[in-house]
Amino acid sequence: MSRTALIAGNWKMNLDHLQAIATVQKLAWTLKDAHYDYDGVEVAVFPPFTDLRSVQTLISADKLQIRFGAQDLSEHDGGAYTGDISGAFLKALDAAYVIVGHSERRTMHGETDEIVAAKTAAAVRHGLVPVVCVGETMEDRTARGAGVVPVEQLQVVLDSVAPADIVVAYEPVWAIGSGQAATAEQAQEDCSALRRAIQTAWGDERAAPTRILYGGSVKSGNIASFMREPDIDGALVGGASLDATEFAAIARYKHHVGR
Ligand code: PEP
């Protein structure tokens, strides 16, 4: 089963709307200069909410093939939820994706597996593709075994949401923002366990096309090793996605590794 790779840039709380425009323009020019094949490897950025309208306008005016998404959404569709953003609003902006369950939201905002599942359902309801983040600490991995905690987290989503087009991002907590990426073998071990869980819950017709990303200190220098693994279909990139040149080099991993 061939899956179109996805290189996704999670900007977190960085870059205001003016910086967002400059960054997306620079990314688009860099990729255009390199005759980038967007059909071969999809590129998406995940700016803060306040940037989304500017990014949408730029992408649509310049007919760019870069896609975009939000970093979070509400599990509710609308109403008295001060500060929250509905999936309906994101869809109205032509967002393609939305990240749910990033480890920073799980730890800093107390998002449980049940909330992540409800947000995944909301994304699907509004025609957005959720990028469902799961991960483990090194202690989890040592005590419980590779992939056990991420699979448990994903299982709650798989049990409560009907089979749908989702992206899963395996992000070991120790690797996020630390400069200490997992090894490709560690990441493959977990990603294959996640694919097996999807297969068991949703069947092979859903498991086979589902893209599973690795995230955690991905850079242009290490992306190639991850992309050689059979169950890794792309990367969720944090820090390195803020630099358009570096992010473009990550997206061009085929060029510099000959994959
Ligand atoms: C992330 O925030 O999803 C992430 C993987 O960050 P970084 O690439 O900076 O480790």
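Everything that follows concerns the structure shown earlier in this document.
Described below are features of the structure shown in this document. (Residues numbered from 1 in each chain as written. Predicted model: local features only at pLDDT ≥ 70, side-chain atom pairs only at ≥ 80, totals over all residues. Heavy atoms only, no water.)

To continue, consider the pattern of salt bridges. All chains considered together, the criterion is met by 16 salt bridges. The salt bridge involving Arg 67 is made with Glu 42; its shortest N-O contact spans 3.1 Å. Of this pair, Arg 67 sits in strand β3 (residues 67-70) while Glu 42 sits in strand β2 (residues 41-46), and the two are 25 residues apart along the sequence. When its relative accessible area of 37% is taken as the criterion, Arg 67 is described as partly exposed. Residue class for Glu 42 comes out buried when judged on its relative accessible area of 11%. Here the residues in one salt-bridge network are Arg 3, Arg 195, Asp 231 and Asp 233, joined through shared partners. (Salt bridge = Lys/Arg side-chain N within 4 Å of Asp/Glu carboxyl O. Helix = DSSP H or I, 4+ residues; strand = E, 2+ residues; numbered from the N terminus. Buried < 20%, exposed > 50% of the residue type's maximum accessible area, 1.4 Å probe, protein only.)

The subject of this paragraph is helix α11 (residues 244-251). Counting buried positions along α11 yields 6 of 8 residues, so the element is predominantly enclosed. Listed as buried for α11 are Ala 244, Glu 246, Phe 247, Ala 248, Ile 250 and Ala 251. The N-terminus of α11 is capped by Asp 243, whose side-chain oxygen sits 3.0 Å from the backbone nitrogen of Thr 245. (Polar contact = N/O pair within 3.5 Å; in protein donor to acceptor, adjacent residues only side chain to side chain.)

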